[in-house]
Amino acid sequence: MDDVDRAILAELQQDGRLTVTELAERVRLSLSPCHRRLRALERSGAISGYHAHLDANALGLTFEALVFVTMRSAAHDTISAFEQAVADIPHVLQAQRLFGDPDYLLRVITRDLPAFQRLYDDELSTLPGVQRLTSTLIMKSVVENRPLPL
């Protein structure tokens, strides 16, 4: 990956809807070389997809929380069952397995506090292998959807 590839990636992180023509102009390449580089970046996995960024507030999803999960066991079957089950919950925006205690960090979003309580009681607390859940509410996002440093 060279400086031109990094410039292509930087432009696409800012606006994934750029046409190849617009992208070529911005990175100062002719159309064919820009298109070849773009396809190579997609094939290599550097570009894994394109999507629209939605505004959660505009969609009525105004309640966000971080949920820390401590597991009863680190057995492979338990971990695998937990990870599969948590991946199936649409309100879980991110789930990371951590070193140390707690075992997982979940970022969840709901419409409001009652919806969060239902999610917490009915789904999160019943996930396989969960010993304890601890949550903290997000007051505001200071940095969000930042482009990757290139």
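Model, not experiment: these values are computed from the prediction. (Residues numbered from 1 in each chain as written. Predicted model: local features only at pLDDT ≥ 70, side-chain atom pairs only at ≥ 80, totals over all residues. Heavy atoms only, no water.)

Another point: the packing of helix α1 (residues 3–14) against helix α2 (residues 20–27). Contact pair α1 / α2: the axes reach a minimum separation of 10 Å and the direction vectors enclose 125 degrees. As summarised for this structure, α1 and α2 are arranged oblique, according to the angle between their axes. For the pair α1 and α2, the sense of crossing is right-handed. Residues A7, I8, E11 and L12 of α1 pack against L23, R26 and V27 of α2. The residue makeup of the contact of α1 with α2, split by class, is five nonpolar, no polar and two charged. (Axes fitted to C-alpha atoms, helices over the stretch in contact; angles between N-to-C directions. Helix = DSSP H or I, 4+ residues; strand = E, 2+ residues; numbered from the N terminus. Parallel < 35°, antiparallel > 145°, perpendicular 65-115°, else oblique. Left-handed = near helix turned anticlockwise from the far one by under 90°. Contact = heavy atoms within 4.5 Å. Nonpolar A, V, L, I, M, F, W, Y, C, P; charged D, E, K, R; others polar.)

Turning our eyes to something else, we now look at the sheet that holds strand β3 (residues 104–110). The strand order across the open sheet built from four strands is β2-β3-β1-β4, with neighbouring strands paired in antiparallel fashion. Only two strands of the sheet have a single partner each, and these edge strands are β2 (92–97) and β4 (130–137). Adjacent strand axes in the sheet meet at a mean angle of 20 degrees, parallel and antiparallel pairs treated alike. Where helix α5 (residues 113–122) meets the sheet, its contacts fall on β1 (63–71), β3 and β4, and the angle it forms with β3 comes to roughly 140 degrees. (Pairing = 2+ DSSP bridges.)

The next subject is the packing of aromatic side chains. Describing an aromatic ring pair means giving the distance of the ring centres and the angle of the ring planes. In the structure shown here, the tally under the stated rule is three aromatic pairs. Measuring from centroid to centroid gives 4.5 Å for F82 and Y104, while their planes differ by 45 degrees, and the two rings are tilted. Here F82 is found in helix α4 (residues 76–87), whereas its partner Y104 is found in strand β3, with 22 residues between them in sequence. A single burial state applies to F82 and to Y104, both of which are buried. Seen in terms of ring centroids, F116 and Y120 are 5.8 Å apart; in terms of plane orientation they differ by 55 degrees. Their pairing is tilted. Separated by four residues within a single helix, F116 and Y120 lie in helix α5, roughly one turn from each other. Here the aromatic residues F63, F116 and Y120 are joined through ring pairs into a cluster of three or more. (Phe/Tyr/Trp six-rings, centres within 6.5 Å; stacked < 30°, edge-to-face > 60°. Buried < 20%, exposed > 50% of the residue type's maximum accessible area, 1.4 Å probe, protein only.)

It is a general feature of regular strands that their side chains alternate between the two faces of the sheet. In terms of strand pairing, β2 meets β3 through five bridges, oriented antiparallel. Within the sheet, the bridge partner assigned to V92 lies in β3 and is V108. The turn linking β2 back onto β3 is made up of six residues, and G100 within it adopts a positive phi angle of 85 degrees.

Okay, unusual backbone geometry next. Across the junction of D101 and P102, the peptide omega takes the value 5 degrees, indicating a cis bond. Mapping P102 onto the fold places it in the loop between β2 and β3. Phi is positive for R28, close to 60 degrees, though the residue is something other than glycine. Along the chain, R28 turns up in the loop between α2 and α3 (31–44).

Counting residues in each nonpolar core, the largest one holds 19 residues, and the members touching the most others are V67, V69, F82, L106, V108 and L124. Residue assignment for this core shows that the elements contributing at least two residues are β1, α4, β3, α5 and β4. No other element matches the five residues that β1 contributes to this core. Counting residues in hydrophobic clusters, the runner-up holds 11 residues, among them I8, L18, A24 and V27. (Core = buried A, V, L, I, M, F, W, Y, C linked by side-chain atoms within 4.5 Å.)

Along the chain, D5 falls in helix α1. Contacts of D5, omitting those with residues within four sequence positions, involve R37 and L41.

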